[in-house]
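# Observations on the three-dimensional arrangement
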Amino acid sequence: QNENILIARNYYPAALVKSKFLKLKYSHIEYVLECLKKNTSKVSNIKKYMLAVLFNAPSTIDGYYQAEVNHDMPQFI
């Protein structure tokens, strides 16, 4: 309905947001849930938080898993 959607203090075109959400795969959801389990800070607005993490998941998943591998297997860096 709106032309722009607010995500993490930034406005994005609704078409872009819809496109990114339609491209989410099971691995992105799994990644977000794994990150939620590790989160120790209080989330005051879970709806806005989930909107932001799901929107950003495709952009951040590779870096997250690469950092995990680097941590677990520093001999291969």
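Residues numbered from 1 in each chain as written. Predicted model: local features only at pLDDT ≥ 70, side-chain atom pairs only at ≥ 80, totals over all residues. Heavy atoms only, no water.

## Let's talk about the nonpolar core
Put simply, the test is: Nonpolar core, defined: a set of buried Ala, Val, Leu, Ile, Met, Phe, Trp, Tyr and Cys residues in which side-chain atoms within 4.5 Å join the residues together. Buried residues are those whose accessible area, probed at 1.4 Å on protein chains only, stays under 20% of the maximum for their type, while exposed residues exceed 50% and partly exposed ones sit between those limits. Runs of H or I in DSSP of at least four residues are treated as helices and runs of E of at least two as strands, each being numbered from the N terminus.
Counting 7 residues, the largest nonpolar core consists of Leu24, Tyr31, Val32, Leu54, Ala57, Ile61 and Tyr64. Those elements giving two or more residues to this core turn out to be helix H2 (26–38) and helix H3 (46–72). Of the residues forming this core, the biggest block, 4 residues, is contributed by H3.

## So, unusual backbone geometry
Of note, Ala8 is a non-glycine position whose phi angle comes to about 50°, a positive value. The residue Ala8 is located in the loop between strand E1 (4–7) and strand E2 (10–13) in this model. One non-glycine residue, Arg9, adopts positive backbone phi at about 70°. In this fold, Arg9 is placed in the loop between E1 and E2.

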